[in-house]
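Understanding the architecture of this molecule
Below, each chain spelled out in residue letters.
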Amino acid sequence: MISSQTRESFARWTSFWREYSKHRGAVIGLGVITAMITVSALAPYVAPFDPEEITVDRWLPPSSHHLMGTDNMGRDVLSRTIWGGRISLFIGFVAATIAILVGVLIGAMAGYFGGKLDDLLMRLTDGFMVIPTFFLVLLIVSMFGSTTFNIMIVLGLTSWPETARVARAEFLSLSKMEFIDAARVLGAGDLRIMFFHILPNAFPPILVALSMRVAGAILNEAALSFLGLGDINVITWGQMLHGAIRYMALGWWMAVFPGLCIFFTVLAFNIIGDGLTDALNPRLRHR
Amino acid sequence: MSLRTYVFRRSLYSIPLVFFVILFNFILIHSAPGDPVIYLYGHLDVSGEQMEIIREQMGLRDPLYRQFLTYLSRILTGDLGYSFYFRQPVIELFAQGLPATLMLMFASILPATVIGVILGVIAAKHARSRADYLISTLAIYGYSFPVFWGGMVSILIFSVWLGWFPAMGMTTLTAAQAKTGVDYYVDVLRHLFLPAIVLGMWYLASYVRFTRASMLEVLEKDYIITARSKGLEDNQILFKHALRNALLPVLTVVGLNLGMVFTGAVITETVFAWPGIGSLLQAGIVSRDYTLLMGGFLITSICVVFANLVTDCMYAILDPRITYK
Amino acid sequence: MENLATYFFASYGTVKAVDKISFEVTKGESIGLVGESGSGKSTVALSVIRLVPRPGKIAGGKILFNEQDLVSVSEAEMKNVRGRDIAMSFQDPMTFLNPVMRIEDQIAEVCVRHLGMSKSDAIKRAVDVMASVQIQDPSRVAKSYPHQLSGGMRQRILLAIAISCDPSLLIVDEPTTALDVITQVQIISLLRKLRRDLGLAAIIITHDIGVAVQVCDRLAVMYAGHIVEQADTKVVINNPLHPYTTGLLQSIPKIDTPRGALKYIPGSVPDLVDPPVGCIFNPRCLHAEGACRATRPETVEVEKGHFVACMKFSE
């Protein structure tokens, strides 16, 4: 029984991938993200200079020697961008994962069990959506200290409501399906049903939410750093922008390149999210 | 229930919400690591003894609930504390910065809403055509653009290189160039242009996406088939039947955005040094002026509650299903 | 309708929802399109007014109406036909009415569009039309919204919308399916009354033969996109010739059916992307022979007005 279900899930995944690849932008987006992750993972080997090395060659425009120029402290912008990508992407993924985990947990319980629990959890979610979260993040980070760890946790813990809604909708509709009744008849416990039966099928919309969350987290982290609340001990794209604003007239490359990276990364994740949504929506598929 | 009852009940419901917001704020202040005195009265040069006296005066020796009641009464009388950085009552500072922020918000959100909805409808009407593809692509680009970066880039291009628009502030400051009368307003508008465009672009993109999605969903509905079977013209169906339904969720989003007005302002105002509440908050962040920040959080939260209330009521006016259930 | 074919072009194959069917309706006459779910009856209706949803398309055949072939007419011309000459009422009264528009607007707009009436005149007419579909207190109902009304009322509204401009042809899709039994009876008698009063031609689509029998002069039995039998109602009921029709009639439990196992037709509806070769019914037919599995039977007029598509009658 389980193996035929696994086969069915597998079939769903392959047809899903086929649909997804029809969306050109989404495939490109996936490629871009993979490239970025690879480059930043290989930062020690790829970056031409030491990102922290202060030299006297300040404000050099982009050249063959320094592809993205140098900043106000003579540091190579390209290397800083590559190393910065590491942290920016890392923070983005971790914060998004936290948000997804919390959101799915809450949404799953609300959707599966329903009733009073659902009511309570949904009121909690609504309450959270009312709170100006970015502001909350500002406050918490400025009060509790702006370390990378704090930033990730706070970003994650303030952006789960949207995922919770999506998860709840999925669990609600899936738990009414027949194969769940079948599993119950066979004696599967609630927890088992939720994780092994419903969750694999609820994955696609959750994946969409994840993609959007990463985009959001990267933007939020960049905004935080830009306002001066970033972790000053690390390099992130947002940090670089924060440093660049004063010297814009002197060195446009300091601001343009890191921002470009943020833009492309966020764009890629958003397009991936759109591609995923299109792949899931049968009606709009046919032409 | 009638509309009046609904509005009344919904307004009533907002009161516990505001209470909750104030309570949440209070908890936040007192859960921060360290001493509330430091958070509320900043890094003033006071000795340990004086700190004790202050604590006594502030009633920090009192049980927590007592402190909360004091806090509550202070809030209700409009006393949001004293900003140590600006040396002014917080509420005054907000009042000063409000007009500038409102100006920026209206200049950006309103056109963004109108244009965004129109473009979203066009995109949905010609779904999967080249026009749709163009609009949707532009929308997703605009939506992914980090607003602060966009601001910086536009300053670079339009101010530094092209010199078309001023880069910072709301008015030109030099005494020799100080303008009056009509010139003043023109000057302000010139300064307003870039930040409004940059901020508006993001809202525009998000409204285009949202309207398009909502319209597409509505156009798949059964009652559109009925409308078509009546032989109505396409545009009639689009506007009279589809849009009326599709705009409802869009309205909710716009309402929420307006509620979160101040959060949206922070970044743009920082980039353009626009003297509104956003810049105010930025100064508070940099100087760790917690009183100011807490006050801002409280005001923003209450604004959100209020905006939600207004949005819900508008929704009730437009969607007959709510009030006649 | 001559050899109408409507296919759905999906990514996994072409679904032959309606595969070359022909029938005709004359003024004052009503024909019932009967068949189980998935037999293609709704698609036929939507094809007549050319509102087949994507990815469906009319793939062949002609629909002759008032000397025009509706298949080849322009979309603009079609818009004039819809609502005025041919009108349709739909299956699920809740989802087929616009939730944010008042009833009077939803009916009036048809009259404004096709009869050039002013809004106030059209609303008056809407109230009159509502009265003729047996809605009590029509002026009050006119000002209300769909969700405030009962299912029966909503179905009447759909009918009111359809007849508001005096169409020559009325298509009614499953008028009773979404309703409880008592309301069904009311709607059936309403349909009969409308036919008497307005004298229009009607195509009634239903899977409930009981309904069809009470309202229709002729019946066309559909199966998997084909019309297998067509004749006057009494003839079909008393002298069914096609095995599917016989099976269908037998499987209806009646009050005086002796106790025992319910009769049913063995097998299931064929895959419309890959239909069986030969007669569409042959996999389930108890009388199937070699010829049935080889060629698609022609529709033959066995007696006056009685058409069957079965190999038994094709020799």
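Please read these numbers as outputs of a predicted model, since none were measured by experiment. (Residues numbered from 1 in each chain as written. Chains lettered and ligands numbered in written order. Predicted model: local features only at pLDDT ≥ 70, side-chain atom pairs only at ≥ 80, totals over all residues.)

Helices and strands together make up the secondary structure of chain B, namely 14 helices and two strands. Here the contacts in chain B between residues at least 6 apart in sequence split such that 73% fall between residues at least 24 apart. (Helix = DSSP H or I, 4+ residues; strand = E, 2+ residues; numbered from the N terminus. Contact = placed C-beta atoms within 7 Å.)

The next thing to look at is the interface of chain B and chain A. The partner chain A presents 35 residues to the 35 residues of chain B that form the contact. Breaking the side of chain B that touches chain A down by element, the ones donating at least two residues are α6 (130–144), α7 (147–161), α11 (261–272), α12 (277–286) and α13 (290–318) of chain B. A breakdown of the residues in the side of chain B that touches chain A according to their chemical character gives 25 nonpolar, seven polar and three charged. (Nonpolar A, V, L, I, M, F, W, Y, C, P; charged D, E, K, R; others polar.)

All names here are of chain B. As for its placement among the helices and strands, I322 is situated in helix α14 (residues 320–323). For the pair I322 and D312, spaced 10 residues apart in sequence, the C-alpha to C-alpha distance is 9.9 Å. Setting aside anything within four residues of it in sequence, one finds I322 in contact with Y6, Y315 and A316.

All names here are of chain B. Along the polypeptide, A124 turns up in helix α5 (residues 90–125). Judged by the 25 C-beta atoms lying within 10 Å of it, A124 is buried. Along the primary structure A124 and L219 are separated by 95 residues, whereas in three dimensions their C-alpha atoms are 8.6 Å apart. Not counting chain neighbours up to four residues away, the residues in contact with A124 comprise R212, M215, L216 and L219. (Buried ≥ 20, exposed ≤ 12 C-beta atoms within 10 Å, placed from the backbone.)

Attention now moves to the packing of helix α10 (residues 190–227) of chain A against helix α12 (residues 252–280) of chain A. All names here are of chain A. Contact pair α10 / α12: the axes reach a minimum separation of 9 Å and the direction vectors enclose 165 degrees. Comparing the axis directions of α10 and α12 gives the class roughly antiparallel. Between α10 and α12 the crossing geometry is left-handed. Where α10 approaches α12, its residues P204, P205, L207, V208, S211, M212, V214, A215, I218, L219 and A222 are matched on the opposing element by I262, T265, V266, F269, N270, I272, G273, L276, T277 and L280. (Axes fitted to C-alpha atoms, helices over the stretch in contact; angles between N-to-C directions. Parallel < 35°, antiparallel > 145°, perpendicular 65-115°, else oblique. Left-handed = near helix turned anticlockwise from the far one by under 90°.)

Residue and element names in this part refer to chain C. Strand order in the open sheet made by the three strands is β2-β1-β4, with antiparallel pairing throughout. One side of each edge strand has no neighbouring strand; the edge strands of this open sheet are β2 (13–21) and β4 (56–62). Ignoring which end each strand starts from, the neighbouring axes of this sheet average 15 degrees apart. As defined by bridge partners, strand β1 (residues 2–10) adjoins β2 across seven bridges and the pair is classed as antiparallel. Residue pairing in the sheet places Y7 in a bridge with K16 of β2. Seen against the sheet, helix α1 (residues 41–48) touches β1, β2 and β4 and runs at an angle of roughly 75 degrees to β2. (Pairing = 2+ DSSP bridges.)

With that settled, consider the confidence of the model for chain B. Residue and element names in this part refer to chain B. Taken residue by residue, chain B gives an average pLDDT of 80. The fraction at 70 or more is 85%. For chain B, helix α2 (residues 36–41) is the element with the lowest average pLDDT, namely 56, and helix α9 (residues 222–229) is the one with the highest, namely 89. Overall fold confidence (pTM) sits at 0.83, and the ipTM for the predicted complex is 0.84. (pLDDT = per-residue confidence, 0-100.)

What follows concerns α7(B). Residues and elements named next belong to chain B. With 15 residues, α7 should cover 21 Å at 1.5 Å per step; its first-to-last C-alpha distance of 20 Å lies within 8% of that length. Listing the buried residues of α7 in full gives V147, F148, W149, G150, G151, M152, V153, S154 and I155. Of the residues trailing α7, G163 is marked for its positive phi of about 65 degrees. (Expected span 1.5 Å × (residues − 1).)

This part is about the pairing of strand β7 (residues 86–89) of chain C. All names here are of chain C. Going residue by residue along β7, you find I86 and M88 tucked away on one face and A87 and S89 tucked away on the opposite face as well. Bridging between β7 and strand β8 (residues 169–173) involves four bridges; their strand directions are parallel. Opposite M88, over in β8, you have I171 as the bridge partner.

Between its terminal C-alpha atoms helix α8 (residues 161–174) of chain A stretches 20 Å, which fits the 20 Å expected from 14 residues at 1.5 Å a residue. Among the 14 residues of α8(A), 10 are classified as buried, and the element is accordingly described as predominantly covered.

This next bit is on the sheet that holds strand β10 (residues 218–223) of chain C. Residues and elements named next belong to chain C. Strand order across the open sheet formed by eight strands is β7-β8-β9-β3-β10-β11-β13-β12, with mixed pairing between neighbours. With one partner strand each, in any of the chains shown, β7 and β12 (300–303) form the two edges of the open sheet. Averaged over neighbouring strand pairs, the angle between their axes works out to 20 degrees when direction is ignored. Its contacts with the sheet put helix α6 (residues 151–163) on β7 and β8, and the angle it makes with β7 is roughly 175 degrees.

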